[in-house]
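Results of the structural survey
Below are the chains, spelled out letter by letter.
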Amino acid sequence: MWIMGKAVATLAAICTAAMAALLLTWQRQRDDDESSQHDHHQPLVSAAEVEAEAEAKEEVKAAAAMVEEFEEKGRTDVERLRKVAEDMVVEMNKGLIEEENSCVRMLVSFVHNLPTGDEVGLFYALDLGGTNFRVLQVTLLGREHGIKEKQRSYEVPAELKVGKLHELFDYMAEKVADFIREEEGAEYQLLPGHKRELGFTFSFPVLNRRINSGTLLKWTKRFSIYDAIGKDMVKELTKALEKQGLEINVTALVNDTVGALAEGRYYNKDCVASVILGTGTNAAYVEHVKKIQKLHGSFPSSDNMVINMEWGNFQSPNLPLTEYDVSLDTESLHPHEQILEKMLSGEYLGEIVRRVLLRMAKEAAFFGDTVPKKLEEPYILGTGDVSAIHDDTSSDLTVVAEKLAHVLQLPGSISLEKRKAVVKLCAAVARRGARLSAAAILGILMKLGRDTKTEGGEVQHTVIAIDGALYRKYEQFRKYLHDALKELLGDEEVFEMIALQQARDGSGIGAAIIAATHSSHMPDEED
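Conventions used here
Residues numbered from 1 in each chain as written. Predicted model: local features only at pLDDT ≥ 70, side-chain atom pairs only at ≥ 80, totals over all residues. Heavy atoms only, no water. Helix = DSSP H or I, 4+ residues; strand = E, 2+ residues; numbered from the N terminus. Buried < 20%, exposed > 50% of the residue type's maximum accessible area, 1.4 Å probe, protein only. Contact = heavy atoms within 4.5 Å. Areas by Shrake-Rupley, 256 points an atom, 1.4 Å probe, with all protein chains shown as cover. 1 Å grid on protein atoms, 1.4 Å probe; cavity = no way out; pocket = protein on both sides within 12 Å on 5 of 7 lines; lining within 4 Å. Points joined across faces, edges and corners; volume = space filled by probe spheres on them. Nonpolar A, V, L, I, M, F, W, Y, C, P; charged D, E, K, R; others polar. Phe/Tyr/Trp six-rings, centres within 6.5 Å; stacked < 30°, edge-to-face > 60°. Lys NZ or Arg CZ within 6 Å of the ring centre and 35° of its normal. Pairing = 2+ DSSP bridges. Axes fitted to C-alpha atoms, helices over the stretch in contact; angles between N-to-C directions. Expected span 1.5 Å × (residues − 1). Arc of directions from axis to C-beta.

1. Brief notes about the overall build of the protein chain
The helix and strand inventory of the protein chain stands at 16 helices and 13 strands. Considering the protein chain as a whole, with its 527 residues, one finds that 51% of them fall into the buried category. Of all intrachain contacts in the protein chain linking residues separated by at least 6 positions in sequence, the fraction that spans at least 24 positions is 71%. Carbon and sulfur atoms make up 52% of the accessible area of the protein chain, which amounts to about 24,900 Å² in all.

2. Observations concerning the side chain of His334
Tracing the sequence through the fold places His334 in the loop between α7 (323-330) and α8 (339-344). Here His334 is in contact with Trp219, Thr220, Phe223, Asp329 and Lys342, once residues within four sequence places are set aside.

3. Things to note about unusual backbone geometry
One non-glycine residue, Met106, lies in the positive phi region at around 55°. Judged by its relative accessible area of 0%, Met106 falls in the buried class. In the Ramachandran plot, Ala365 falls in the positive-phi region, its phi being about 45° despite a non-glycine side chain.

4. Here we look at empty space enclosed by the protein
Summed over all chains, the structure comprises one cavity of 30 Å³ or more. Reported here for the largest cavity is a volume of approximately 90 Å³. What lines the largest cavity is Leu107, Ser109, Phe202, Phe204, Val206, Asn208, Leu253, Val254, Asn255, Val258 and Asn308. For the lining of the largest cavity, the secondary structure elements donating two or more residues are β6 (206-210) and β8 (248-254). Here the lining of the largest cavity is composed, by residue class, of seven nonpolar, four polar and no charged.

5. With respect to the packing of aromatic side chains
Applying the stated criterion across every chain yields a total of 14 aromatic pairs. Relative to Phe202, the ring of Phe200 has its centre 5.6 Å away and its plane inclined at 55°; by these criteria the two rings are tilted. Using a relative accessible area of 0% as the deciding quantity, one classes Phe200 as buried. By relative accessible area, Phe202 is classed as buried at 1%. Plain terms: the ring middles of Tyr348 and Tyr379 are 6.2 Å apart, the flat faces sit at 65° to each other, and that makes the pair edge-to-face. Residue Tyr348 is located in the loop between α8 and α9 (349-364), and its partner Tyr379 is located in the loop between α9 and α10 (383-390); the two are separated by 31 residues in the primary sequence. The class for Tyr348 is buried, based on a relative accessible area of 4%. When its relative accessible area of 23% is taken as the criterion, Tyr379 is described as partly exposed. Joined through ring pairs, the aromatic side chains of Phe169, Phe200, Phe202, Phe204, Trp219 and Phe223 make up one cluster. Stacked on the ring of Tyr379, the Lys or Arg Arg222 has its end atom at 4.1 Å from the ring centre. Here the basic side chain of Arg478 rests over the ring of Tyr471, its NZ or CZ set 5.9 Å away from the ring centre.

6. Regarding the sheet that holds strand β5 (residues 196-202)
In space, the five strands of this open sheet follow the order β4-β3-β2-β5-β8, with mixed pairing throughout. The sheet is open, and its two edges are formed by β4 (147-155) and β8, each paired on a single side. The sheet shows a mean angle of 20° between the axes of neighbouring strands, taken without regard to direction. As paired strands, β5 and β8 are joined by six bridges and run parallel to one another. In the strand pairing of β8, Gly199 is matched with Ala252.

7. Notes on helix α14 (residues 475-489)
Here α14 spans 22 Å end to end across 15 residues, near enough to the 21 Å set by a 1.5 Å rise per residue. Those residues of α14 that fall on the buried side of the exposure criterion are Phe477, Tyr480, Leu481, Ala484, Leu485, Leu488 and Leu489. Angular distribution of buried residues about the axis of α14 spans 155°; they occupy a single face of the element.

8. Notes on the pairing of β6
By the bridge criterion, four bridges tie β6 to strand β7 (residues 213-216) in an arrangement that is antiparallel. Bridging from a neighbouring strand, Val206 pairs with Leu216 of β7. The loop that links β6 with its antiparallel partner β7 comprises two residues.

9. A few points about the sheet that holds strand β9 (residues 271-277)
Taken in spatial order, the six strands of this open sheet run β1-β11-β10-β9-β12-β13, and their pairing is mixed. In the strand order of this sheet, the two ends are held by β1 (107-108) and β13 (498-502), each with one partner. Strand contacts of α14: β9 and β13, with the helix running at about 165° to β13, the strand carrying the most contacts.

10. Looking at the pairing of strand β11 (residues 304-308)
Of all five residues in β11, four are buried; the element is thus mostly enclosed. With two bridges connecting them, β1 and β11 associate as antiparallel partners. The residue bridging Val108 from the neighbouring strand is Ile307, located in β11. As defined by bridge partners, strand β10 (residues 281-288) adjoins β11 across five bridges and the pair is classed as antiparallel.

Put into structure tokens, the structure is as follows:
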């Protein structure tokens, strides 16, 4: 019995082992079948697809190299920027002797009655800056009570930018008359012997002979009305306003930059300079009259005079020009002029980006086998588009894709890697422009001796009013500028005492304030 039991146990063990082996074999067969079936459903990558992917990578690589080339040629390291600032000071000093000697004309504005903040009353302003012009009604209530204003904006038709001067001024005068009549109403009556007072912001180079007279030297910002050169802008505007039957004095002819300084001074006595960063660029500052060697005759009662620098025309061998800047300048309405403006202002940043993208499209097939027709149109890409692209923080850069598709009318979307390359390009163009702006501002601070501590180790509080849509709306540009100025000054304490104060509306409200400080109903200090 014991032998028989042992035999049965052995047979059972053999059967169990055999069954386990059979199950293992079956399991392996099933796994092999599933693997084979899975492989059968995987799509095969064709040689054409592999080649296309490799080509796309090469396109991105080639485009990235062009962006890096722009960054290198447009390099704005501290050493170079300080040289630019020093060159600016040299040109400022030359321009104070004789404007023809300098690329920075340093025009005397004849604004010497600087605001105190005590001015009150109702005044008007007309602001012709570039793309649009505005009409404003401004009520000054004194520094403590602020300012009330109403305004209306009108587009300047393209044909009036290159037509006849009387056509442009007649059009503006008609809008001024409509605005005044609507805002004042039929019941409004002027005081006996009084006229309305208007400050005219004319943001183009003008040679002033007095506060309410100035002849046009040249056009900028793609305006080109040749019969206007050498004419007195106040006289021509007055003629147009008289045709509308308006009782109004054009009390002051000012630049938008001078207006921004006046507005800044109205609120803060430490405001000594202003900068425009918008469609174009310019700066103004308060200079001591004894340093203005070209100012002949009797000095005004004030020791100070606002100088309209016209720094958009600044040129220097230290400016980091690229091939794109050279071609843009050559093909512009005014070649070899306004070089600084063409490198950093809102009119041109988008155009610089477009020119780099066009080369990327032609030489790196960045947008496919054909170059988008829209990309070949000058100025099709605006700085507003560049700002929107640069500010896109979405993970897949949706705004970049949408902007390019809309502006360039692309048939399809570009890859994420290409979108990143476009963002990098926009950042490089904006960064260079902002850092050059900081270098130019440093030039003014150096001229005024406010870039360092005094001999006694003190730091003067300095306010610079900044106006213009580029500065207001392009956040990254504004940040680049502030960071660069801090870097250039090198002294934290000095930087903290310099306030870049965003102007509320220098070209509009500022002009009205100057009309108030030079009102014909107040004693004329120039007589």
